Each structure stands twice: as C-alpha cells, then as structure tokens.
Amino acid sequence: MSTSPKAKSLSASKVRHYKMYINGEWVDSEDGELLDVMNPANERVIATVPKGTRLDAKKALEAAARAQPKWEDLAPVKRASYLFKLAQLIRRDKERLAGVLTAEQGKPLYESKSEIEGSAQNFEYYAEYARRIEGDVLPSDFPRQSIMILKLPIGVVASITPWNFPSATVARKLAPALITGNTVVTKPSSNTPLSTIEIIKLAEEAGLPKGVLNAVIGSGSEVGDELVANKITGLVTMTGSTSAGSKIMERASNHVAKLVLELGGKAPLIVWNDADLEWALRCAVWARFWNCGQTCICSERMYVDAKIKNKFVSAFVKLVENLKIGDPMSKNTDLGPMVSKSARDTTEGFVEKARDEGGKILTGGSRPHELRAGFFYEPTVIDDVDQNSQLVQEEIFGPVVPIVEVDDFEKAIEYANDSKYGLSSYVFTKDSNRVLKAMYKIKFGECYINQVGPEQLQGAHTGFRQTGVGAEGSRYGLECYTQLKTCYIDWNDKPNLPYLFPYRNK
Ligand code: NAP
C-alpha cells in the first residue's frame, strides 16, 4: 500500500479503480487522494482505491445513523433474508473473490477459497439467529408485575479489520451487527481493501437498503480514528494488533463507546511424549505456517517434552523443509509471500535478534534466493531459545517458530501462560489428566487439544489478558452487538400501593 497522486495513478496504469460506499453511493474521497494496492507476490500495483478522510468517515457515520431506525424496525427474518442472499452471492462468486483475496494478500488460492466459504457461512450462521435474539421474562418480587429483559440494537457500529483475513474478519463483524438491527460503517486495512469492497458490492446486489452498510478506506490514524472517536458510534468492533486496540480503547473512552477488540496472539503449542507424534507433527506444521504464519491463532512457540525433543524436532524440520514456497496462485504452493515489505522486515528483525542471542537456526532464516520479487520469507525453525527472549514473548506474525525444551508438563503450562497475550493454545497428549489440566489451567481463550483450527462459527473466539475484550462467533459474539434493556411492567387493575411503599407498615 502506498499513497499516489490521483492523476498519476489513473493515467499511468491500467489497474482497476475501486470506490468507497457511503449512503448507497460509490464515491471517491473528499480530496481525491488515492492509495495503491499491491500484489505482495510480485510487488505490482493491482488496483487503486480512495484514500478516505475524516470527513468521509463522518459522512458514512451520519448515513448509517439515518438508516438505523428503519433497519431496526424490520422484522429480524427480513433482515436475515438480505444476509442469506449475500451468502448465496458470495458462493456464486467464490472463485473470483478468492482470486482477489490472493492477489491483494498473498495467501495460497486454496486458503482464499476456504476463507471465502467461511465468509458466506458467517452470514448464514447469524442470519439463522433471526428467530433467536431472545430476551428473558422474569418473575417480579411483587404481584401482577413482570420483568422483561430485551436485547436491542446498539445503533451504529464501526467495524475495523486487519489484512490477514480481509474477507472473513469483515463477515464475522457485519453479520452479527446487521442481524441484531445495527447499521455499520466498515473500514478495511489499507493493505487489503479490495475484499471488503467486493463484499459490499454483493451486499448492494442483495438489495440492502441504502445507508445500512457503508465502507470507507483510509488510514487507521485518520479514518479509523474518526470512526472510533465520533459520538455517533455506539460500538467499535476491531480486529488487529494490541497496540492499535489499546489506542482505540483510549479514544473510545471519551464517549464511552462499547468495544469488541480481537487483538494479538502468541499461541503456545505443547507436545508431550504420550501424544500421537505423527499427527502432532502434521498439526504443528499447519498451526504455524498456514497463511505464512500470519494468523492470530497460529502457533507462535513450541514447548516440546525433553523425552521426545530430538526425535520430534528433527522430524518437524524435515516436514518444514518440504513446504513449497512461491506463487500463491499455484495449487502446489504451501506458503505465499508475507503481506508487505514492512511485515517481512519485522520478521527478519526477529530472526536476526534470535541469531545474535545464540538461537540455533535449524532451517530457513533468510529470503528464498530464487524468488527475486515479492515479500517471501523462508519457513524458519529456531532451537535453543530462551523463555524470556523477544521471539518467545512478542508476536512474530510470520513463518518463524521458536522451540523451547521442557521436562515437566506443569512447567510447560507455566511457560505457556507467561505471556501478555491469551488467544489460542494447542496441546498434544493422550493422557486424560493432562487434557484436563490444559482445559482448566492454560489461560487462553481457545484450546485446541490434539487438533488444530481454524475456529468454528459456534465457538467463541475470545482471549485473556491483552488479547482484547468481548467475543466473536457463537451466541456470545452475537450478544456483544446488543444492548440489554430491562422493562418492569405493572399489570394490576388497581393502584399497587404496597409496591410503592413496601416498608411503611413493617
Ligand atoms: P493493525 O495494524 O492493528 O490494523 C488493524 C486495523 O486497525 C487496520 O484497519 C488499521 O488501519 C486500523 N487501525 C490501526 N490503528 C488504528 C487507530 N489508532 N484507530 C483506528 N483504527 C486503527 O493490525 P494488522 O497489522 O492489520 O493485523 C495484524 C494484527 O491483527 C496481529 O496483531 C494479529 O494478531 C491481529 N489479529 C487478531 C485477530 C483476533 O481475532 N484476535 C484476528 C486477526 C488478526 P490501517 O492499517 O489501514 O492504517
């Protein structure tokens, strides 16, 4: 992603131009500035998009606020009909959408297809909740009175998404927000805006009323900040880094907007001597290297039982060396490029620091020589890494995994929990005591036991510590988009005086 003057970008290339969507209209930014969208596999510009401004974000929020009361008044099944239609259109265009996703983000095409299918499923899953946005009817402490708890829409939702799953993360926010009667302004990452715009186009085709769903593009510090800080916004739902999430929390606090924040991860993967090692090996490779290591639930550090360490690690390295890195459009590719130059620079920095600190690079550790263009980095395994090192403590978000030897399962749990992040975790053991210890004592929001992700729609995606607040997926994710309202109703025929003065005669 880079900024380019409009005239230059439009005249100098045949690249496609995408617009933003505000109040049912396709628009450029207020000041006409553009951003280039780059294919990270070959560093070519594939599209231009408007570089939105604060004013664009404000207009989108105002449109969403105007559209909200009517949207809320629709029967939930009617709202659901739009989401079902949208899911159907996403499936119709699956191949094309997967191509756009791979071109802007770099993941292998088969991973993109599965992400697009996941986006369609998100819309269906939450559309099915239309008849189940249930409140409660509770007994009162007094005769002929009722208490009802309703779940109402919050109002306008600002959705802010990252580049690593540019289609699925937006679907996971739009679907629960819309079905519960909120209207939305969504902002994709400036690195990967196209997948969001493609979904919005299909939402328009599905007939979504104008203003209900709006999309603006632009930097987090300007457009994102306006969405967060503007008083129109009732809820900010953001997926991204912990540092950006913490800034958003601060800015949203000025008007006490509600928050759903799905932030960084540093998943530990523990392998014990009683595990099915063949299976654990395959899972460990997938858990670290899918999406080129750029998944919030990717295993970011491996704790291996000392009894099996040498055997396990040498077999793991062999599997990693067999991974095919290259053109993400090819069906033989396991790892595409990283999303951007800066993402690869960060990964390189991690590896250099680990090398300086005495980490042993068992495989990888550099750019693949044969791939000259594109932000590729070799899948890398580093041994002899200290628990307190940067590699074990900070989120790498690239195809690099540190290995730490442990000789006691409780110690492995202690190391796993020694992290500011708390999203996902993995444990491989056949011992039922160890399984239960993992379930109760590993303080991470997801625990994959003898299996890997991705997470499923009905599971709550959430985390301890600095991984954020609220949840996504499941009914718990749905509830984040509703405001509870308790109604106390008196249905006595005569004035209910004992109720007004219950203690007067006591
Ligand atoms: P990021 O840099 O935090 O950006 C995420 C989004 O937030 C982008 O749209 C960004 O806009 C916007 N943003 C940044 N600063 C902002 C601010 N001050 N106010 C409002 N918006 C702001 O994250 P990323 O690099 O795209 O994604 C990688 C991170 O996401 C990793 O840390 C990963 O663990 C996390 N992630 C978490 C989950 C989860 O479910 N927990 C899932 C996926 C990814 P611009 O980039 O356009 O400026």
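Residues numbered from 1 in each chain as written. Predicted model: local features only at pLDDT ≥ 70, side-chain atom pairs only at ≥ 80, totals over all residues. Heavy atoms only, no water.

> Can you lay out the overall build of the protein chain for me, pointing to particular residues and giving the numbers?
When you go through the protein chain residue by residue, the secondary structure sums to 17 helices and 22 strands. Seen along its three principal axes, the alpha-carbon backbone of the protein chain occupies a region of about 80 × 70 × 40 Å. Looking at the 506 residues of the protein chain, the share that counts as buried comes to 55%. Taking the contacts inside the protein chain whose residues are at least 6 apart along the sequence as the reference set, 73% of them involve residues at least 24 apart. With the model as given, the accessible surface of the protein chain reaches about 21700 Å², and the carbon-plus-sulfur share is 51%. Here the protein chain contributes 64 positively and 63 negatively charged side chains, and the mean placements of these two sets differ by 4 Å. (Helix = DSSP H or I, 4+ residues; strand = E, 2+ residues; numbered from the N terminus. Buried < 20%, exposed > 50% of the residue type's maximum accessible area, 1.4 Å probe, protein only. Contact = heavy atoms within 4.5 Å. Areas by Shrake-Rupley, 256 points an atom, 1.4 Å probe, with all protein chains shown as cover. Lys, Arg positive; Asp, Glu negative; His and termini not counted. Charge placed at Lys NZ, Arg CZ, Asp CG, Glu CD.)

> Report on a nonpolar patch on the surface, specifying residues and quantitative values.
Where nonpolar side chains cluster on the molecular surface, the patch consists of Val137, Met148, Ile489 and Trp491 and spans about 380 Å² of accessible area. The residue methionine 148 is located in strand E8 (residues 145-153) in this model. The class for methionine 148 is partly exposed, based on a relative accessible area of 32%. (Patch = residues over 30% accessible without salt bridge, like charges linked within 9 Å, V, L, I, M, F, W, Y side chains within 5 Å. Salt bridge = Lys/Arg side-chain N within 4 Å of Asp/Glu carboxyl O.)

> Now, about the packing of helix H3 (residues 76-92) against helix H6 (residues 168-179): what can you tell me, with residues and values included?
Here H3 crosses H6 at 155°, and the two axes come no closer than 9 Å. Comparing their axes, H6 and H3 come out roughly antiparallel. Side by side, H3 and H6 meet where Pro76, Arg79, Ala80 and Leu83 of the first sit next to Ala175, Leu178 and Ile179 of the second. Its residues assigned to classes, the contact of H3 with H6 shows six nonpolar, no polar and one charged. (Axes fitted to C-alpha atoms, helices over the stretch in contact; angles between N-to-C directions. Parallel < 35°, antiparallel > 145°, perpendicular 65-115°, else oblique. Nonpolar A, V, L, I, M, F, W, Y, C, P; charged D, E, K, R; others polar.)

> Can you tell me about the pairing of strand E5 (residues 34-39), naming the residues and giving the values?
Among the six residues of E5, five are classified as buried, and the element is accordingly described as predominantly covered. Of the strand pairs in this sheet, E5 and strand E6 (residues 44-50) are connected by six bridges, and their pairing is antiparallel. Paired with asparagine 39 across the two strands is arginine 44, which belongs to E6. Counted along the chain from E5 to the antiparallel partner E6, the turn is four residues long, and its residue glutamate 43 has a positive phi close to 65°. (Pairing = 2+ DSSP bridges.)

> Can you tell me about the site of the ligand, naming the residues and giving the values?
Around the ligand, the structure places 29 residues, and the nearest of them are Ser190, Ser241, Leu263, Glu395 and His461. At 2.8 Å, a backbone N or O of threonine 161 approaches an oxygen atom of the ligand. At 2.8 Å from an oxygen atom of the ligand is found a side-chain nitrogen or oxygen belonging to tryptophan 163. At the level of elements, helix H8 (220-229), strand E12 (233-239) and helix H9 (242-253) are the ones that each hand at least two residues to the shell around the ligand. If you tally residues by element for the shell around the ligand, the top one is H8, at three residues. Class assignment of the residues belonging to the shell around the ligand gives a composition of 11 nonpolar, 14 polar and four charged. (Near = heavy atom within 4 Å. Polar contact = N/O pair within 3.5 Å; in protein donor to acceptor, adjacent residues only side chain to side chain.)

> Could you give me a rundown of the packing of aromatic side chains, with the residues and numbers involved?
Following the criterion strictly, the structure yields 12 aromatic pairs and no others. Of the aromatic side chains, those joined through ring pairs into one cluster are Tyr125, Tyr126 and Tyr129. One Lys or Arg, lysine 107, reaches over the ring of phenylalanine 165 and ends 3.7 Å from the middle of that ring. (Phe/Tyr/Trp six-rings, centres within 6.5 Å; stacked < 30°, edge-to-face > 60°. Lys NZ or Arg CZ within 6 Å of the ring centre and 35° of its normal.)

> Give me the state of the cysteines: which residues, what numbers.
Per the stated rule, a full pass over the model turns up zero disulfides. This cysteine, cysteine 283, is not joined by any disulfide, and cysteine 447 carries the nearest cysteine sulfur, 13 Å off. Considering cysteine sulfurs only, cysteine 298 is the nearest to cysteine 292, which forms no disulfide, with 9.1 Å between them. On the accessibility criterion, cysteine 292 (2% relative accessible area) is buried. (Disulfide = S-S within 2.5 Å.)

> Before we move on, can you summarise empty space enclosed by the protein with the specific residues and values?
The final tally for this structure, using the stated rule, is one cavity of 30 Å³ or more. When its volume is computed, the largest cavity comes out at roughly 30 Å³. Forming the boundary of the largest cavity are Tyr21, Ala203, Glu204, Leu208, Pro209, Lys210, Gly211, Val212 and Leu213. Classifying every residue of the lining of the largest cavity by side-chain character gives six nonpolar, one polar and two charged. (1 Å grid on protein atoms, 1.4 Å probe; cavity = no way out; pocket = protein on both sides within 12 Å on 5 of 7 lines; lining within 4 Å. Points joined across faces, edges and corners; volume = space filled by probe spheres on them.)

> Give me the lowdown on the pattern of salt bridges, citing residues and values where you can.
Taken as a whole and assessed by the stated rule, the structure comprises 31 salt bridges. Measuring nitrogen to oxygen at the nearest pair gives 2.9 Å for the salt bridge that ties glutamate 300 to lysine 266. Of this pair, glutamate 300 sits in strand E15 (residues 299-305) while lysine 266 sits in the loop between strand E13 (258-262) and strand E14 (267-271), and the two are 34 residues apart along the sequence. Each of the two residues, glutamate 300 as well as lysine 266, counts as buried. For glutamate 405, the salt bridge identified is with lysine 309, shortest N-O distance 3.6 Å. Highlighted residues: glutamate 405 in strand E18 (residues 400-406) and lysine 309 in helix H11 (residues 309-321), separated in sequence by 96 residues.

> Describe H8, and please don't skip the residues or the numbers.
Listed in full, the buried residues belonging to H8 are Val223, Gly224, Asp225, Glu226, Leu227 and Val228. Here the buried face of H8 lies against helix H2 (54-73), strand E9 (156-160), strand E10 (183-187), E12 and H9.

> Pulling in residues and values, what's your account of the sheet that holds E15?
If you walk across this open sheet you meet the seven strands as E16-E17-E18-E15-E14-E19-E20, and the pairing is mixed. This sheet does not close on itself; its edge strands, each paired only once, are strand E16 (360-363) and strand E20 (446-449). Across the sheet, the mean angle separating the axes of adjacent strands is 25° when strand polarity is ignored. Taken together, the three bridges between E14 and strand E19 (residues 424-428) define a ladder with parallel strand orientation.

> Explain the confidence of the model for the protein chain to me, using residue names and the numbers behind them.
For the protein chain, the average pLDDT comes to 96, and 96% of its residues sit at 70 or higher. Predicted confidence is poor over residues 5-12, with pLDDT under 50, and the contacts of this stretch with residues over four places away or in other chains come to 10 contacts. (pLDDT = per-residue confidence, 0-100.)

> I'd like to hear about the sheet that holds strand E22 (residues 482-490), residue by residue, with values.
If you walk across this open sheet you meet the three strands as E7-E8-E22, and the pairing is antiparallel. Two strands in the sheet have a free side with no partner beyond their single neighbour: strand E7 (136-139) and E22. For this sheet, the mean angle separating the axes of adjacent strands, direction not counted, is 20°. For E7 and E8, the ladder comprises four bridges, and the chain directions are antiparallel. Residue pairing in the sheet places proline 139 in a bridge with serine 146 of E8.

> Could you give an account of the pairing of E14, with specific residues and numbers?
Remember that side chains alternate between the two faces of the sheet whenever the strand is regular. With five of five residues buried, E14 is to be regarded as a mostly interior element. Every second residue of E14 is oriented toward a common face, with Ala267, Leu269 and Val271 on one face and Pro268 and Ile270 on the other, all of them buried. Pairing of E14 with E15 involves five bridges; the strand directions are parallel. Bridged to proline 268 within E15 is arginine 301.

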